[in-house]
Amino acid sequence: MFAEVVFPMPFRNAFTYSVPSEFSRVVKTGIRVVAPFGKRVLTGFVISVKEKTDVKAKIKPIIDALDSEPIFSDVELKFYEWLADYYLCSLGEALRHSVPAGLSVESKKIVVPDTAKCREIFEKEKNKSSVRSRIAEFLSEKESARITTIQKIAGRKNIYSQLKSLEKAGAITIVYQIENAKVRTKTLNFVKLAKPIDEIYDALPSLEKRSPKQFTILLELTTVKEFEVQLSELLKKTKASQSSVESLQKKGFVEIFEKEIERVFSDLYSEDSQTLTPTADQRKIISGITENIRLGNFKPFLLHGITGSGKTQVYIELTKKALALGKTALILVPEISLTPQITTRFTHNFGGLVTVIHSRTSHGERYDSWRGIISGKYKVVIGARSALFSPLNNLGLIVVDEEHDASYKQWDMTPRYNARDAAVVKANLYKCPIILGSATPSIESRYNAETGKYEYLELKERIDDAKLPHIRLIDITAEKKKKRMEHIFSQTLINSIAEKLRKKEGVIILQNRRGFATQVYCDDCGELITCDNCSVPMVHHLDANKVQCHYCGTIRDVPRECPNCGSLSLKFFGTGTQRVEDELQYHFPNVKIERVDSDAIMKRGQLTSILNRFKNNETNILVGTQMVSKGLDFSHVTLVGVISAETTLWLPDFRADERTFQLLTQVAGRAGRSAKPGEVIIQTLNKKNFVLEKVLTNDYDGFYQKELKLRMRGEYPPFTRLCLIETKDKEERKARGAANDLHKYLLKQEKPIKVSPVTQAVIYKLKGFYRYQIIVRSRRSVDVGGKGLRSAVLDSYIDFNRFSRFKNVKVLIDIDPQSVV
């Protein structure tokens, strides 16, 4: 037998391995195997098994099989093949998402130095700052080191010529060390009675006199209803030692045994369970989609429901229908902030059939959820974009909530997929309906509905007779002239907050910037304090009194003087969530205020605790970034304030207007979700901006029609397909040279594409890398599926790798980018 294996590496072909007889029954399509790859050992995925092969070269055998049953089906394999083809990556890179992180078995290069020899080489080197010198000095003090560690010390990735010269000089030895999977099943010691209860009772009197601790342990075990108890809990409760339990085991009274424990993600957020009856509009939508679940029809639906219209209840009712038919359901949400509430509501309805997958779950919890999904224990999966790859069997329903959200796009790792678009393809392969839900559908999805690709469904009314909030725009330029501004707050907003607090109602304040001051500059020479690694200003964080780069994470002390002219006249400009919180505390000193941004919820469970306190009115005002704009449903919130409408509006990105409309409409929807009327106050520098005018009147259709015309004129989606190509390198000339070469190869293509000139990225330096970009377009009317665009880009990239002298420069290819910044 021979197996075709792909690895999570950028190689587009599969590799043939022989299957040793001991694995002949196990190795099949869909399992993971450990196999030699050059000098290394890697975990790969079997994509086919055959009895004969045409390969003439020597074929290496598989070392081990990691699964007894396939972890992906033939249908899922087709999905991963599509993912690889569409987003221009290898099949192995796509299949990497089929398993949780930490399960790979692979070998790592380890450098074992002769410390004395390394010291000698370092001392002989004339240029002590050279890469070779730095490596030799570092290794002279180490017993062993990983290649990645040495790369960090050297400040560059390409260090292999230096390592070879050191190896040739006898200063180091490079070995391969196999590392097993980092995540395993978790087991704990348990204790249970080993004799009938009558014999235990007979022995208790004598034990009470001779061994009081053993007596206490046995007495406790007789009261355990489950007949077994975790050893650590037993010792804690009885205040006994392990030796006492071991003595009882020797006497035959108890048995100590290992038992596997499932690690389950638990969220402290809680809500009272409610029995809700769907409205007439909801019932109509549920009925139409249920028929497609029953028949196993692929059909995409765009559910355009205003905020508070009960879209979540529609998802729950449809999930009930899918489970009743013996099928499973996948519910995708864009942010962690949405997960506590939606998870709680699904758990109230489906109990232990629900599992959660997102970035805040531990590796162990994700692994146990994954195994539970494969075994069929879990029928409903809720999670962020990575939940798309859950191995659910007999999939009957997919829901993409807040489908417009940019966080469905994977932007920092290959493949750079969009979970919303990929979910539509997955639904097609599984022959099940998919619902894309939003109060502010993306322009592309709304256009797909308009052209008949999706079925358009609407929920135009809020449930429980709740009304949409009253929205006001406050011109802060005019307010300043009237002296009605209190630093960053207009007097109008301050008065409204005070009124809501008197009524003991909840308030949410949005400012889509973290930190205290977003810029620190010199008032004398105008010097802006910027990050050394990125072409962006450092942000002042008041709580730690540091300046931080929000792109690379660099943290520095606040400078005492201007680094350019030495002046002490440093000014702190701009407004982040910390400043909003600080000024609110000044205006309302006796009010409990909490902040929701990525700085405030770094520790696990912090977000849940904050939301619980806000729900219970222990917190009066919630300040946050865009996290507070999505999905939160608190009936006591009657006021939403927006500090600055322009934070996203002025970005040099073709989606800036759309993002601003969505953000403001979504955060406005947090107010007035019950009988109490809601109010929204948006502070702005430009009341006449068409985006803000459409937010004011809640006119999605008007915004959509105008934005569609702008997109057509600018040749942007949904009328074109886009590919963003980025070159990045620590040397600017190399990044620019690579982009110019790629541009040259793209222009040679005879495909129906339009290639933009090479430009510096808006943030031209990021994490120490200089960035250049090329945008490639093709018209959808000509290139319907985007194959022409993708083949042109791929062919150009292949030519670049074959002929360009800059082929070692990092190239990122992003199909359907969500941003060009």
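Above this text is the structure in question.
Residues numbered from 1 in each chain as written. Predicted model: local features only at pLDDT ≥ 70, side-chain atom pairs only at ≥ 80, totals over all residues. Heavy atoms only, no water.

Draft legend 1. Focus on the sheet that holds strand S9 (residues 186–193). Spatially, three strands are ordered S10-S9-S11 in an open sheet, and the strand pairing comes out antiparallel. Taken across any chain shown, the strands that pair with only one partner, and hence form the sheet edges, are strand S10 (228–230) and strand S11 (254–261). Recorded for the sheet is a direction-independent mean angle of 35 degrees between the axes of neighbouring strands. In the sheet, S9 pairs with S11 via eight bridges, with the strands oriented antiparallel. Bridging from a neighbouring strand, valine 191 pairs with isoleucine 256 of S11. Strands S9 and S10 of the sheet are contacted by helix H9 (residues 231–238), whose axis makes an angle of about 85 degrees with S10. (Pairing = 2+ DSSP bridges. Helix = DSSP H or I, 4+ residues; strand = E, 2+ residues; numbered from the N terminus. Axes fitted to C-alpha atoms, helices over the stretch in contact; angles between N-to-C directions. Contact = heavy atoms within 4.5 Å.)

Draft legend 2. Quick peek at the side chain of histidine 743. Topologically, histidine 743 is positioned in helix H25 (residues 732–747). Side-chain polar atoms of histidine 743 contact the backbone oxygen of serine 756, separated by 3.0 Å. In this structure, histidine 743 is in contact with Val755, Ser756, Pro757, Val758 and Ile774, ignoring residues within four places of it in sequence. (Polar contact = N/O pair within 3.5 Å; in protein donor to acceptor, adjacent residues only side chain to side chain.)

Draft legend 3. Up close: the packing of helix H8 (residues 212–222) against helix H10 (residues 242–250). Between H8 and H10, the shortest axis-to-axis distance is 9 Å and the interhelical angle comes to 75 degrees. Judged on the interaxial angle alone, H10 and H8 are roughly perpendicular. Contacts between H8 and H10 involve Lys213, Gln214, Ile217 and Leu218 on the former and, on the latter, Ser244, Val245, Ser247 and Leu248. Partitioned by chemical class, the residues of the contact of H8 with H10 number four nonpolar, three polar and one charged. (Parallel < 35°, antiparallel > 145°, perpendicular 65-115°, else oblique. Nonpolar A, V, L, I, M, F, W, Y, C, P; charged D, E, K, R; others polar.)

Draft legend 4. How the structure looks around the nonpolar core. Counting residues in each nonpolar core, the largest one holds 70 residues, and the members touching the most others are Leu95, Leu388, Ile398, Ile725, Val776 and Val793. Per element, the largest residue contribution to this core is seven residues, and it comes from helix H15 (residues 419–430). Once you skip the residues sitting within four places of it in the chain, isoleucine 398 turns out to touch Leu330, Ala423, Lys426, Ala427, Cys432, Pro433, Ile434 and Ile435. Core analysis: the second largest hydrophobic core is formed by 39 residues, Tyr269, Leu622, Val680 and Phe703 among them. (Core = buried A, V, L, I, M, F, W, Y, C linked by side-chain atoms within 4.5 Å. Buried < 20%, exposed > 50% of the residue type's maximum accessible area, 1.4 Å probe, protein only.)

Draft legend 5. Looking closely at the packing of helix H16 (residues 443–450) against helix H24 (residues 700–714). It is at 11 Å that the axes of H16 and H24 come closest, and there the two elements cross at 95 degrees. Put simply, H16 runs roughly perpendicular to H24. Judged by residue contacts, Ile443, Glu444, Arg446, Tyr447 and Glu450 of H16 engage Tyr700, Asp701, Phe703, Tyr704, Gln705, Glu707, Leu708 and Arg711 from H24. Residue composition of the contact of H16 with H24, by class: six nonpolar, one polar and six charged.

Draft legend 6. Representation of the pairing of strand S22 (residues 506–510). The element S22 is largely enclosed, with a buried count of five among its five residues. The alternating pattern of S22 places Gly506, Ile508 and Leu510 on one face and Val507 and Ile509 on the opposite face, and all of these are buried. Summarising the sheet, S22 and strand S30 (residues 637–642) pair through five bridges and their orientation is parallel. Across the sheet, isoleucine 509 pairs through a bridge with glycine 641, a residue of S30. Pairing analysis gives four bridges linking S22 to strand S29 (residues 621–624), with the strands arranged parallel. Bridge pairing links valine 507 to isoleucine 621 in S29.

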